[in-house]
Amino acid sequence: MTYVIHGATGAQGAPVVSALAAAGKSVTAVTRDEHAVVEGARVLAAAYSSVADLADAYRGAAGVFVHLPVTAEEERQFFAGNILTAVREARPGRVVFSTSGFPTDPAIGGAAAALAAGLAESGVSHAVIAPELYLENLLMPYVIDSVRERGVLPYPIRADFPVSWASHLDIADAAVALFERADVTGVVSVGQFPAITGPDLAEAFGARLGRDVGFEPITPEEFRTAVAPLIGAGPAADVAAGYQAMSAMPGRSIEPETSAQKLLGVTPRTTGQWLTDIGL
């Protein structure tokens, strides 16, 4: 049986494909481009907008890795509903869903919360990977160019705001482990613990680059302006709203009891280890 990986040519899916292929697993890479070439995987063109496509992809699969794209919330809700319908129809062996940092609390709502709740009610073996913020966010041109050119790491959080940062490589490690550990269900938090602050991030970049790097808090509006050309005006506004909401929070730290460290024995990379692994 095969493992079906959504977004196989993207930032989250590609490391999962690589990790499974390296472990000798059969992998089916789901993409929107039927002509895409994905090393170590069979390519299958399927769209989140088609329940039939999704059900065909999931049927007979040992596992499915899924995450929702960064797009308008209404579209994300539509995609989540289609995924759940396909899962109920095709009943793959296991589903691992990465929230991509979106909340799963039903009281808050949203597509990620709806998908997590639907999986819990589906009767299909599943687990939910819950990261907080991605280290890869720091590679956006606005951020990394500033680090290199000015020795300043700008980000829309307070300097004293602790975050359990995780990388896409950590998500892949957790996903592969969860495909093997069907006994682990529900939410698995993935991220560094203890959580670290913006100045801690800057220090890690400085150590890697061999220069002084400082941290600079910026406003969510400044961040929206910077990322809009990359992800689109609508998604950028949603992301900025999320950071604005974060400004009232004490931090974004994972809970040790639900962590990948405790439940899976998988320890996420430190910032320095991640920088080394990506060859920065």
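Everything that follows concerns the structure shown earlier in this document.
Rules behind the numbers
- Residues numbered from 1 in each chain as written.
- Predicted model: local features only at pLDDT ≥ 70, side-chain atom pairs only at ≥ 80, totals over all residues.
- Heavy atoms only, no water.
- Helix = DSSP H or I, 4+ residues; strand = E, 2+ residues; numbered from the N terminus.
- Rg over C-alpha atoms; globule rule 2.2 N^0.38 Å.
- Buried < 20%, exposed > 50% of the residue type's maximum accessible area, 1.4 Å probe, protein only.
- Contact = heavy atoms within 4.5 Å.
- Patch = residues over 30% accessible without salt bridge, like charges linked within 9 Å, V, L, I, M, F, W, Y side chains within 5 Å.
- Areas by Shrake-Rupley, 256 points an atom, 1.4 Å probe, with all protein chains shown as cover.
- Salt bridge = Lys/Arg side-chain N within 4 Å of Asp/Glu carboxyl O.
- Axes fitted to C-alpha atoms, helices over the stretch in contact; angles between N-to-C directions.
- Parallel < 35°, antiparallel > 145°, perpendicular 65-115°, else oblique.
- Left-handed = near helix turned anticlockwise from the far one by under 90°.
- Nonpolar A, V, L, I, M, F, W, Y, C, P; charged D, E, K, R; others polar.
- Phe/Tyr/Trp six-rings, centres within 6.5 Å; stacked < 30°, edge-to-face > 60°.
- Pairing = 2+ DSSP bridges.

Draft legend 1. Examining the overall build of the protein chain more closely. Scanning the protein chain from N- to C-terminus turns up eleven helices and nine strands. In terms of overall size, the protein chain behaves like a compact globule, its C-alpha atoms giving a radius of gyration of 18 Å where 280 residues would be expected to give roughly 19 Å. For the protein chain, the C-alpha atoms occupy an extent of roughly 55 × 40 × 35 Å along the three principal directions. Each of the 280 residues in the protein chain was classed as buried or not, and the buried ones make up 51%. Considering only intrachain contacts with a sequence separation of at least 6, the fraction spanning at least 24 residues in the protein chain is 75%.

Draft legend 2. Focus on a nonpolar patch on the surface. Residues Val70, Phe102, Leu230 and Ile231 make up a contiguous nonpolar surface patch of about 340 Å² in total accessible area. Tracing the sequence through the fold places leucine 230 in helix α8 (residues 220-231).

Draft legend 3. Representation of the packing of helix α1 (residues 13-22) against helix α6 (residues 168-180) in the model. The contact between α1 and α6 brings their axes to 8 Å, and the two run at 50°. On the basis of their axis angle, the class for α1 and α6 is oblique. Crossing angle aside, the handedness with which α1 passes α6 is right-handed. In this structure, α1 contributes Pro15, Val16, Ala19 and Leu20 to the contact, and α6 contributes His168, Leu169, Ala172, Ala175, Val176 and Phe179. In the contact of α1 with α6, the residues fall into nine nonpolar, one polar and no charged.

Draft legend 4. Broad picture of the packing of aromatic side chains. Throughout the structure, instances matching the rule amount to eight aromatic pairs. Where tyrosine 3 meets phenylalanine 179, the ring centres are 4.9 Å apart and the plane angle is 55°; that geometry is what we call tilted. Of the two residues, tyrosine 3 sits in strand β1 (residues 3-6) while phenylalanine 179 sits in helix α6, which places them 176 residues apart along the sequence. Phenylalanine 179 matches tyrosine 3 in its accessibility class, with the two residues each being buried. Summarising the aromatic geometry, the rings of tyrosine 155 and tyrosine 243 are spaced 5.5 Å apart at their centres and angled 85° between planes, so their arrangement reads as edge-to-face.

Draft legend 5. Representation of the environment of tryptophan 165 in the model. Along the chain, tryptophan 165 turns up in the loop between β7 (152-155) and α6. The class of tryptophan 165 is buried, set by a relative accessible area of 0%.

Draft legend 6. Main features of the sheet that holds strand β5 (residues 95-98). Read across the sheet, seven strands follow the order β3-β2-β1-β4-β5-β6-β8 without closing on themselves; strand pairing throughout is parallel. Here the strands that pair on one side only, and so sit at the sheet edges, are β3 (42-45) and β8 (186-190). Each adjacent strand pair in this sheet contributes to an overall mean axis angle of 20°, direction not counted. Against the sheet, helix α2 (residues 51-58) makes contact with β1, β3 and β4 (63-67), and its axis sits at roughly 145° relative to β1, the strand it touches most. Each of β1, β4, β5, β6 (126-131) and β8 touches α6; the most contacted strand, β6, lies at about 160° to it.

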